[in-house]
Amino acid sequence: MNNVAVIGGGASGLVAAISAAQNGARVTIYESGARVGRKILSTGNGRCNMTNTNASAAYYHGGDAGFVRGAAEKFWVKDTLGFFLSLGVLTKTEQDGRVYPYSDRASSVLDALRLKIDALGVRVVTNYEVKSVKRKNNRFLIIPYRGESETADAVIVATGGRAAPDLGSKGGGYDILKGLGHTVTDTRPSLVQIKTETETVKKLKGIKITAEASIDGAKEYGEILFTDYGLSGIAIFSLTAYLDKQKTVSLDLMHEKSGEELTAMLKERARIMAQVPLESYFTGMLDKRVGQALLKSALVSPLSRLSSTLTDAETKRIADVMKKWEFKIEGTMSWNNAQTTKGGAVTSEFDRDTMESKIVSGLYASGEVFDVDGDCGGYNLQWAWSSGYIAGMSAALRKEIK
Ligand SMILES: Cc1cc2nc3c(=O)[nH]c(=O)nc-3n(C[C@H](O)[C@H](O)[C@H](O)COP(=O)(O)OP(=O)(O)OC[C@H]3O[C@@H](n4cnc5c(N)ncnc54)[C@H](O)[C@@H]3O)c2cc1C
């Protein structure tokens, strides 16, 4: 019987432990925190957006999309739903294919995983932060910062990335893998708020609009929140999955209309609102402060003028800004605000069918520690469950360390 050590008791580590135990291994989870699965409780605003019925490799980013495709062929959305049903978790599918536990409680997901871990006799060692892992006489030595080292026949590194360090994942897994000869790319926060130049956004702080945000070719339609540091909201969060070195994010406030249609509409509006000063030109159409900021960005002034004085050139400029309101990107908010990590352990150094290292036999990884990040909408947990399940099964069924 293989002794399998799972480093990290998060989403992927818990599933890895269950699948390893179900396939006959003796399993120990080493978790740095006082409890396993803390991050799961915070997911989906406490409801846990477990997966997405639309999930495919197209929703993932990283050095090699083929790596996700490998996992998708072995254990994907249907398998995940079947797995959780076997644990007693009923699910429901909402808008855009987002799947949640029927209870609307992330705690249901964690409780079910913990009940199964107990039932399978998985050993859970908490407050045990692994510093490094070494090969010793065909076995692995698990070395903690504090406490005694332990041994295992196979190791699964399921430590997560750097996002939300308060919930346990501080990037320690990268050092463990590097110590075993693996390569780790640069990392940065993803699914996070964007910092922009603040002159416009600061004045609009707290206002929510629905618009289409875009960075280069990537577009997301949905809620956008102006803040004192930049832009937030679900559409902005989702868009940061595509953020690389781009300099601007732009908003289309009427994505359903072409520039020409919008210009014609704004001219007609100037006729209807002829006797109203420009500061109220957008009243009834947009938030008043947003409307005034748009006019300023379109270089239309003073706002005390009557709407009837708008020239064709000014109307065209307003339409242009409404279709492409640009904000200079100054960065993102920090790891504390991020939902996931862009970058990580280079996937070409692992076997996509087993999650086993091609460098160190008997070493596996799963979840966010890999250079794989998904869009907003249940895709990151799907990756954690899939890669964890495959790593656990493969580690349990492996024959010998070469
Ligand atoms: C606020 C928030 C909301 C989110 N909502 C969603 C959502 O609704 N849907 C979705 O798909 N994704 C969501 N995500 C992303 C998703 O939660 C993660 O991608 C996923 O949890 C990654 O799983 P993981 O097991 O790889 O890492 P984690 O879940 O981060 O688990 C890693 C575990 O390893 C432990 N650990 C770390 N280093 C060590 C060490 N050296 N020794 C021992 N233990 C260690 C940590 O304490 C932690 O318990 C959200 C993320 C956040 C922060």
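A.B. asks: Just checking my understanding: could you explain the domain arrangement of the protein chain for this structure?
C.D. replies: Size of an interface: often given as the accessible area lost when the parts come together. Once the domains are mapped, the protein chain shows domain 1 (3-188 + 341-397) and domain 2 (194-332). Just the C-alpha atoms count here: the centres of domain 1 and domain 2 sit 41 Å apart. Surface buried jointly by domain 1 and domain 2 totals about 550 Å² across both partners, of which 47% is contributed by carbon and sulfur atoms. Looking only at domain 1, the three residues that lose the most surface to domain 2 are Arg 188, Asp 375 and Cys 376, adding up to 60% of its buried area. Across the domain 1-domain 2 interface, the total number found is four residue pairs in polar contact (both at pLDDT 80 or more). Here the side of domain 1 that touches domain 2 is built from residues that sort into one nonpolar, two polar and five charged.

A.B. asks: What is the right way to read helix H5 (residues 106-119) from this model?
C.D. replies: Helical geometry: 3.6 residues make up each α-helical turn, so side chains three or four residues apart lie on a common side. With 14 residues, H5 extends 20 Å between its outermost C-alpha atoms, agreeing within 8% with the 20 Å of an ideal straight helix rising 1.5 Å per residue. For H5, the set of buried residues is Ala 106, Val 109, Leu 110, Ala 112, Leu 113 and Ile 117. Down the axis of H5, the buried set is contained in an arc of 160°. They therefore lie on one face. Across H5 from its buried face, at more than 90 degrees, point the exposed residues Leu 115, Asp 118 and Ala 119. Where H5 ends, the next residue or the one after it, Gly 121, has phi of about 75°, a positive value.

A.B. asks: What's the story with the site of the ligand in this structure? I'm lost.
C.D. replies: In the neighbourhood of the ligand, 32 residues make up the surrounding shell, with Glu 31, Lys 39, Gly 44, Glu 368 and Leu 381 lying closest. Here Ser 32 contributes a backbone N or O atom positioned 3.0 Å from a nitrogen atom of the ligand. Among the elements of the structure, helix H1 (11-22), helix H2 (38-42) and helix H12 (379-397) are those that each provide at least two residues to the shell around the ligand. With four residues, H12 is the largest single contributor of residues to the shell around the ligand. Class assignment of the residues belonging to the shell around the ligand gives a composition of eleven nonpolar, 17 polar and four charged.

A.B. asks: I tried to follow the packing of helix H4 (residues 77-86) against H12 on my own but got confused; where do I start?
C.D. replies: Each pair of packed helices can be described by the angle between their axes along with the distance between the axes. Between H4 and H12, the least distance of the axes is 10 Å, while the angle of their chain directions is 80°. When the axis of H4 is compared with that of H12, the two are roughly perpendicular. Residue-level contacts link Val 77, Thr 80, Phe 83 and Phe 84 of H4 to Gln 382, Trp 385 and Tyr 389 of H12. A class-by-class count of the residues in the contact of H4 with H12 yields five nonpolar, two polar and no charged.

A.B. asks: Sorry, what's going on with the sheet that holds strand S5 (residues 91-93) here?
C.D. replies: Hydrogen bonds between backbone groups are what pair the strands of a sheet, and the pairing can be parallel or antiparallel. Pairing in this open sheet of three strands is antiparallel, and the strands run S3-S6-S5 from one edge to the other. Each having just a single partner strand, strand S3 (51-52) and S5 make up the two edges of the open sheet.

A.B. asks: How should the pairing of strand S17 (residues 248-252) be read in this particular structure?
C.D. replies: The element S17 is extensively covered by neighbouring structure, given that four of its five residues are classed as buried. Summarising the sheet, strand S14 (residues 208-215) and S17 pair through three bridges and their orientation is antiparallel. Within S17, the position partnered with Glu 212 by the bridge is Asp 252. Note that S17 and strand S18 (residues 325-332) share four bridges and pair antiparallel. Bridge assignment links Thr 248 to a residue of S18, and that residue is Lys 328.

The rules we used
- Residues numbered from 1 in each chain as written.
- Predicted model: local features only at pLDDT ≥ 70, side-chain atom pairs only at ≥ 80, totals over all residues.
- Heavy atoms only, no water.
- Domains from an automatic or database assignment.
- Buried area = accessible area lost by both parts, 1.4 Å probe.
- Polar contact = N/O pair within 3.5 Å; in protein donor to acceptor, adjacent residues only side chain to side chain.
- Nonpolar A, V, L, I, M, F, W, Y, C, P; charged D, E, K, R; others polar.
- Helix = DSSP H or I, 4+ residues; strand = E, 2+ residues; numbered from the N terminus.
- Expected span 1.5 Å × (residues − 1).
- Buried < 20%, exposed > 50% of the residue type's maximum accessible area, 1.4 Å probe, protein only.
- Arc of directions from axis to C-beta.
- Near = heavy atom within 4 Å.
- Axes fitted to C-alpha atoms, helices over the stretch in contact; angles between N-to-C directions.
- Parallel < 35°, antiparallel > 145°, perpendicular 65-115°, else oblique.
- Contact = heavy atoms within 4.5 Å.
- Pairing = 2+ DSSP bridges.

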